[in-house]
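# Structural overview
Spelled out from the first residue to the last, the chains are:
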Amino acid sequence: MRHDGLFYDDDASYLGGLLDFVHGGLGRDEPVLVAVPGRNLELVRDGLGDDARRVRLADMAVAGRNPGRIIGTVLRAFAEEHAGRRVRIVGEPIWAGRSDEEYPACAEHEALINVALADTLVHVICPYDTTRLREPVLEDALRTHPDISDGTSRWTSPGYVDPAATARSFDRPLPPPPDDADLVVLSTLTGPRGARHRVHEIAEQAGMAPERISDLRRIVQELAVNTIVHSGGCGVLLAWVAEGEVRVELQDSGRIPDVLAGRRHPGRGHEDHGLWLVHRLADLVRIHRHAEGTDVRIHVRV
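Residues numbered from 1 in each chain as written. Predicted model: local features only at pLDDT ≥ 70, side-chain atom pairs only at ≥ 80, totals over all residues. Heavy atoms only, no water.

### Concerning the pattern of salt bridges
Selection criterion: Think of a salt bridge as a Lys or Arg side-chain nitrogen and an Asp or Glu carboxyl oxygen that are within 4 Å of each other. The secondary structure listing takes helices from DSSP runs of H or I that are at least 4 residues long and strands from runs of E that are at least 2 residues long, numbered from the N terminus. Relative accessibility under 20% of the residue-type maximum defines a buried residue, over 50% an exposed one, and the middle range a partly exposed one, all with a 1.4 Å probe and only protein chains included.
In this structure the tally under the stated criterion is 26 salt bridges. We note a salt bridge from Arg 247 to Glu 101, for which the minimum N-O separation is 3.0 Å. On the criterion of sequence distance, the pair formed by Arg 247 in strand β10 (residues 245-252) and Glu 101 in the loop between β4 (87-91) and α5 (103-116) is long-range, its members being 146 residues apart. Just as Arg 247 is buried, Glu 101 falls in that class too. Bridged by salt links that share partners, the residues Arg 65, Arg 98, Glu 101, Glu 102, Glu 243, Glu 245, Arg 247, Glu 249 and Arg 297 form one connected network.

### Points about the side chain of Glu 249
Operational definition: The criterion used for residue contact is that any of the two residues' heavy atoms lie within 4.5 Å.
Relative to the elements of secondary structure, Glu 249 occurs in strand β10. With a relative accessible area of 2%, Glu 249 lands in the buried category. Excluding residues within four positions of it along the chain, Glu 249 makes contact with Leu 174, Pro 177, Val 236, Leu 237, Leu 238, Trp 240, Asp 295, Val 296 and Arg 297.

### A look at the packing of aromatic side chains
Put simply, the rule is: When two rings of Phe, Tyr or Trp (its six-membered ring) have centres within 6.5 Å they constitute a pair, described as stacked for plane angles under 30 degrees, edge-to-face for angles over 60, and tilted for the intermediate range.
What the rule picks out here adds up to two aromatic pairs. Relative to Tyr 128, the ring of Phe 7 has its centre 6.1 Å away and its plane inclined at 70 degrees; by these criteria the two rings are edge-to-face. Of the two residues, Phe 7 is situated in strand β1 (residues 2-8) and Tyr 128 in strand β5 (residues 122-129); the sequence distance between them amounts to 121 residues. A centroid spacing of 4.5 Å and a plane angle of 65 degrees characterise the contact between Tyr 8 and Tyr 14, whose relative ring orientation is edge-to-face. The pair formed by Tyr 8 and Tyr 14 is uniform in burial state, with each residue classed as buried.

### Comments concerning the sheet that holds strand β7 (residues 154-156)
Here is the rule: DSSP-based pairing: two strands are paired if at least 2 bridges between them are found. Here the axes come from fitting lines to C-alpha atoms, over the contacting stretch only for helices, and the angles between their N-to-C directions go from 0 to 180 degrees.
Taken together, seven strands build an open sheet; the order of strands is β3-β2-β4-β5-β1-β6-β7 and the sheet is mixed. Of all strands in the sheet, those bounded by a partner on one side alone are β3 (56-59) and β7. Each strand of the sheet is rotated relative to its neighbour by a mean of 20 degrees, with strand direction disregarded. Pairing of β1 with β5, which is carried by seven bridges, proceeds in the parallel orientation.

### Regarding the sheet that holds β10
One open sheet accounts for five strands, arranged β8-β9-β10-β12-β11; its pairing is antiparallel. Edge positions in the open sheet fall to β8 (182-187) and β11 (284-290), since each of these has one partner strand only. Averaged over all pairs of adjacent strands, the angle between their axes in this sheet comes to 15 degrees, without regard to strand direction. In the packing of helix α8 (residues 193-205) onto the sheet, contacts are made with β8, β9 (234-242) and β10, and the angle to β8 comes to roughly 160 degrees.

### What to know about helix α2 (residues 38-48)
To keep things clear, this is the line we draw: This arc corresponds to the set of directions leading from the helix axis out to the C-beta atoms.
When α2 is considered as a whole, its buried residues turn out to be Asn 40, Leu 41, Leu 43, Val 44 and Leu 48. The arc that holds every buried residue of α2, seen down its axis, measures 160 degrees, which confines them to one face. Turned more than 90 degrees away from the buried face of α2 sit Arg 39 and Asp 46, all of them exposed. Turning to α2, the residues buried within the fold contact β1, α1 (11-27), β2 (32-36) and β3. Backbone geometry just downstream of α2 places Gly 49 in the positive-phi region, at approximately 60 degrees.

### Side note on the pairing of β4
For the record, the criterion: Clockwise travel from the first strand over the helix to the second, with the strands pointing away from the viewer, marks a crossover as right-handed.
The buried fraction of β4 amounts to five of the five residues, a majority that puts the element mostly inside the structure. Where β2 and β4 come together, four bridges link them in parallel fashion. Bridging across to β4, Val 32 finds its partner in Arg 88. With four bridges connecting them, β4 and β5 associate as parallel partners. In the sheet register, Val 87 faces β5, and the bridge partner there is Val 122. With α5 bridging β4 and the parallel β5, this β-α-β connection has right-handed handedness.

Below, the structure written as structure tokens:
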């Protein structure tokens, strides 16, 4: 497995670095996936010309809206689809439009690629816009990528260290919930029903579409069951609306020691359960592990 960061400063350097990488894979009959956001996807499509038909193209702003699902449903899924073959992937999970709340999950994802894909025949390149991304983001890219390229040369990153430890460094405290957030106490006696019902009401009042309310109810069900089963039978659920999203946070005394929890496919028959399902359905998942337990916060757009 190889994992490079590509630093670019304009469209020409972006395409120069990526098209050489893509054409190199096509020339070796290697399957190629390009998952980049919006406008950049169109740049790559136009730059590839007729070769675009030989490449899997995906809008990362959709497929990777929640950074926590990229490894399992985009990167690893493509590698396993072509098991036994070398594959090339362009993945751009961090762009200037990402919010401050999304960023820790994005950077954690970049670090965990090195853990999750260590046993695969995958070469991943992740582009970083040096003109629009803040300096700390570029410094973090040096920590999460073993090698860096600028499209013309490639060098070993001086900041790269143990990827699991780097991922843990992005496990940061969550911003405090608002004082007026709804609170539901979960226990083995109350079960998840009351939490589902209250969150349903909040989402409906916020104008969320029925199908997304159904997704939100499934998320709350999985989180509540996990809390009741794995956290001594009790926990607290908080829910509120902010910035066009319904946000739900579960606080309990449980532990999630696996850094890839929810990012690793749980196996056939288990796809509709646990953190794997939560990551698939939510627009953002943040997990904060601390001395007293674990806080899991999910964001679902209205």
